[in-house]
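# Residue-level structure breakdown
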Amino acid sequence: MITKPKPGDYSPFAAGYVGLVGDNDVINMLEQQMNISYQLLSNLTDEEALHAYAPGKWTVKQALGHMIDTERTFAYRALVFSRNHIELPGFDQDVYVNNTDFNSQNIKDLAEEFRALRQGNLYMVKAFSDEQLARTGIASSHLFTVAAFVFMLAGHERHHLNLFKERYGIG
């Protein structure tokens, strides 16, 4: 079981994501969420997935595309920091979403892409040694441990699953 990171192992912004994991086994949570998100989102029609809960807000497809981008970014940071202490730039989620046409993609394909990405990331995360999980790097001008990014993967997905239920009325 991966030990929950302490404040100081991640940025103040990331505290919300780490907090959403609580004291749960993060690996188990990542595995369960992968299946929950896939079932929830792959059962939508493309028309349903074009729904935005308010003007100017992301559609379900855009939110899922953002989840894919974030999964890739957090996993990449975990990988890099597990190998080498380095500084990486931040990423602007709005720039990423606005420069990809997620709305023209098939919701089932997006859901499958997220599931496949998570499955691959689980192999990586399970292979990290305790020493690698404790390694650090700088991202968005803040120090992070590798373990923090593992928890952030789960917390970020939990955050969006909550939004899908509360704001989009799905789930």
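Please refer to the structure placed before this passage.
Everything in this summary refers to the structure shown in the same document. (Residues numbered from 1 in each chain as written. Predicted model: local features only at pLDDT ≥ 70, side-chain atom pairs only at ≥ 80, totals over all residues. Heavy atoms only, no water.)

### Topic: the pairing of strand E3 (residues 142-145)
Rule in force here: Two strands qualify as a pair provided DSSP detects at least 2 bridges between them. By definition, any uninterrupted DSSP run of H or I lasting at least four residues is a helix, any uninterrupted run of E lasting at least two residues is a strand, and each is numbered from the N terminus.
Sheet analysis places strand E2 (residues 136-139) next to E3, joined by 4 bridges and oriented antiparallel. Residue pairing across strands places Ala-139 opposite His-142, the latter belonging to E3. Linking E2 back to E3 in an antiparallel pair, the connection comprises 2 residues, with Ser-140 at a positive phi of about 50 degrees.

### Quick word on the sheet that holds E3
Test applied: In this description, contact between two residues means that some pair of their heavy atoms is separated by no more than 4.5 Å. To get an axis, fit a line to the C-alpha atoms, keeping to the stretch in contact for a helix; angles then go from 0 to 180 degrees between the N-to-C directions.
With mixed pairing, 3 strands are arranged side by side in an open sheet as E1-E2-E3. The open sheet has two edge strands, strand E1 (87-88) and E3, and neither has a second partner. Across the face of the sheet, helix H3 (residues 60-83) comes into contact with E1, E2 and E3 while running at roughly 135 degrees to E2. Taken strand by strand, helix H7 (residues 146-166) contacts E2 and E3, and its axis lies near 85 degrees from that of E3.

### Details of the nonpolar core
Filter applied, for reference: Residue types Ala, Val, Leu, Ile, Met, Phe, Trp, Tyr and Cys, when buried and joined through side-chain atoms within 4.5 Å, form a set referred to as a nonpolar core. Residue burial is assigned from relative accessible area. The probe radius is 1.4 Å, only protein chains are included, and a residue is buried under 20% of its type maximum, exposed over 50%, and partly exposed in between.
Ile-2, Val-26 and Phe-144 are the most contacted members of the largest nonpolar core, which totals 33 residues. Sorting elements by how many residues they give to this core places H7 first, with 9 residues. Apart from residues lying up to four places away in sequence, Val-26 is in contact with Ile-2, Val-21, Val-150, Phe-151 and Ala-154. Listed in part, the 22 residues of the second largest apolar core include Ala-49, Trp-58, Leu-64 and Tyr-168.

### Digging into H7
Applicable threshold: Multiplying 1.5 Å by the helix residue count minus one yields the expected span of that helix.
With 21 residues, H7 extends 30 Å between its outermost C-alpha atoms, agreeing within 8% with the 30 Å of an ideal straight helix rising 1.5 Å per residue. Of all 21 residues making up H7, 16 are buried, and the element is well covered by its neighbours.

### Focus: the pairing of E2
The pairing of E1 with E2 spans 2 bridges and is parallel. Residue Glu-87 lies in a different strand from E2, and its bridge partner there is Ile-138.

### Comments concerning the side chain of Gln-33
Locating Gln-33 in the fold gives a position in helix H2 (residues 26-42). Assessed through its relative accessible area of 2%, Gln-33 is described here as buried. With residues up to four places along the chain from it excluded, the contact list for Gln-33 reads Arg-118, Ala-154, Glu-157, Arg-158 and Leu-161.

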